[in-house]
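One letter stands for each residue in the lines below.
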Amino acid sequence: MCSNTVKSNLARKLNLFPERMVTMSFVKNAAVFVGGVVFGSLGFKLLGSKEARKVYVHTAAAAIRAKDSVMTDVTKVREGCGDIVADAKQLNEQKRAAQEAKCEVIEDESEAEK
């Protein structure tokens, strides 16, 4: 009988009882949950403060200024591309006209030989 008492005392000291392990796990999970709720509540109040609102306003204003700057640059690039396309079309028309004129000259010379 003495050996059973020694074994049970040893088992208790080593935390080998599953009931106690479940209880420790439950307490740990509950503490993590409560900590998360408290942290979330404080975070929500912090994010809703006047100082945070000022930061949001300044950040949004900076983002709008950056967007306007980018759109200005995009407009300039589009205008430059439009000029390039117009010049390319004009060059193609000139080459086509020159080639058609060359073909007409060759046809006229072949008709004159007959």
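None of these values were measured; they are calculated from a predicted model. (Residues numbered from 1 in each chain as written. Predicted model: local features only at pLDDT ≥ 70, side-chain atom pairs only at ≥ 80, totals over all residues. Heavy atoms only, no water.)

1. Quick look at the overall build of the chain
In step 1: Along its length, the chain carries three helices and zero strands.
In step 2: When the helices and strands of the chain are read in sequence order from the N terminus, they spell out α-α-α.
In step 3: Within the chain, buried positions represent 3% of all 114 residues. (Helix = DSSP H or I, 4+ residues; strand = E, 2+ residues; numbered from the N terminus. Buried < 20%, exposed > 50% of the residue type's maximum accessible area, 1.4 Å probe, protein only.)

2. Some thoughts on the environment of Leu 47
In step 1: Counting through the fold element by element, Leu 47 comes out in helix α2 (residues 18–47).
In step 2: With relative accessibility at 52%, the residue Leu 47 sits in the exposed group.
In step 3: Excluding anything up to four places from it in sequence, Leu 47 contacts Ala 52 and Tyr 56. (Contact = heavy atoms within 4.5 Å.)

3. Here we look at the pattern of salt bridges
In step 1: Enumeration over the complete set of coordinates arrives at one salt bridge.
In step 2: Its salt-bridge partner being Asp 68, residue Lys 67 comes within 4.0 Å of it at the nearest N-O pair. (Salt bridge = Lys/Arg side-chain N within 4 Å of Asp/Glu carboxyl O.)

4. What about a nonpolar patch on the surface?
In step 1: A surface patch of nonpolar side chains, amounting to about 490 Å² of accessible area, comprises Phe 33, Val 34, Val 37, Val 38 and Leu 42.
In step 2: Tracing the chain through its elements places Val 37 in helix α2.
In step 3: With relative accessibility at 42%, the residue Val 37 sits in the partly exposed group. (Patch = residues over 30% accessible without salt bridge, like charges linked within 9 Å, V, L, I, M, F, W, Y side chains within 5 Å. Areas by Shrake-Rupley, 256 points an atom, 1.4 Å probe, with all protein chains shown as cover.)

5. What about the confidence of the model for the chain?
In step 1: Scored by pLDDT, the chain has a mean of 79; 72% of the residues are at 70 or more.
In step 2: Mean pLDDT values over the elements of the chain span from 57, in helix α1 (residues 2–13), up to 87, in helix α3 (residues 50–113). (pLDDT = per-residue confidence, 0-100.)

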